[in-house]
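The lines below spell out each chain.
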Amino acid sequence: QVQLVESGGGLVQPGGSLRLSCAYSGTIFVIYAMGWYRQAPGKQRELVARMTRGGSTDYADSVKGRFTISRDNAKSTQYLQMNNLKPEDTAVYYCNINGAADPLATPYDYWGQGTQVTVSS
């Protein structure tokens, strides 16, 4: 059973910073990509940042230059460093792993439970 547990959300003033963490456990034979998504009230879930197995990264235009995705394979943890936060960054943030449990399995999306980030003065 694969589990993803996020932490690090909270309330921060505009211009502030937060670092989200996502620790994963369980058996994943291969991770193709890991990433962070967010969903604001009344809006669809959107990609924030993504890192492929090879280390390539991709960011939403709205967060480029402010957010950084990283990972620590030894700790089975991925991070999202968020700087210069804006009120429009307010959302529930979800971590994601796209991987397969064995070499022949179809890739599957695993999700964390979400962590609230609120940017407000």
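Residues numbered from 1 in each chain as written. Predicted model: local features only at pLDDT ≥ 70, side-chain atom pairs only at ≥ 80, totals over all residues. Heavy atoms only, no water.

S.K.: Help me get a handle on the packing of aromatic side chains, residues and values and all.
M.R.: Considering all chains together, one arrives at two aromatic pairs under this definition. Ring centres of Tyr37 and Trp111 lie 5.1 Å apart, and the angle between their planes is 70 degrees; this geometry places the pair in the edge-to-face category. Of the two residues, Tyr37 sits in strand S4 (residues 30-39) while Trp111 sits in strand S10 (residues 108-111), which places them 74 residues apart along the sequence. The exposure class of Trp111 is partly exposed, given its relative accessible area of 35%. Consider the rings of Tyr108 and Tyr110, whose centres lie 4.9 Å apart with planes at 70 degrees: the pair is edge-to-face. Take Tyr110: its relative accessible area is 15%, and that puts it in the buried class. In this structure, Arg45 packs its charged tip against the face of Tyr94, placed 3.8 Å from the ring centre. Over the ring of Trp111 we find Arg45, and its NZ or CZ is 4.7 Å from the ring centre. (Phe/Tyr/Trp six-rings, centres within 6.5 Å; stacked < 30°, edge-to-face > 60°. Helix = DSSP H or I, 4+ residues; strand = E, 2+ residues; numbered from the N terminus. Buried < 20%, exposed > 50% of the residue type's maximum accessible area, 1.4 Å probe, protein only. Lys NZ or Arg CZ within 6 Å of the ring centre and 35° of its normal.)

S.K.: Explain the pattern of salt bridges to me, and be specific about the residues and the numbers.
M.R.: Scanning the entire structure with this criterion turns up four salt bridges. Here Glu46 ties to Arg38 by a salt bridge, and the two come within 2.7 Å at their closest N and O atoms. Under the relative-accessibility criterion, Glu46 is labelled partly exposed at 35%. Assessed through its relative accessible area of 5%, Arg38 is described here as buried. A salt bridge links Arg66 to Asp89, with the shortest nitrogen-to-oxygen separation between them at 2.8 Å. Taken together, the residues Arg66 in the loop between strand S6 (57-59) and strand S7 (67-72) and Asp89 in the loop between strand S8 (77-82) and strand S9 (91-100) connect sequence positions 23 residues apart. Note on Asp89: relative accessible area 1%, which makes it buried. One network of salt bridges, in which partners are shared, links Arg38, Glu46, Arg66 and Asp89. (Salt bridge = Lys/Arg side-chain N within 4 Å of Asp/Glu carboxyl O.)

S.K.: Tell me what's going on with unusual backbone geometry, and back it up with residues and numbers.
M.R.: One non-glycine residue, Ser76, lies in positive phi territory at about 50 degrees. Position of Ser76 relative to the elements: it lies in the loop between S7 and S8. Overall, the relative accessible area of 24% leaves Ser76 in the partly exposed class. Despite not being glycine, Asn84 has its phi angle at roughly 50 degrees, a positive value. On the secondary structure map, Asn84 appears in the loop between S8 and S9. Asn84 gets classed as partly exposed once you look at its relative accessible area, which sits at 42%.

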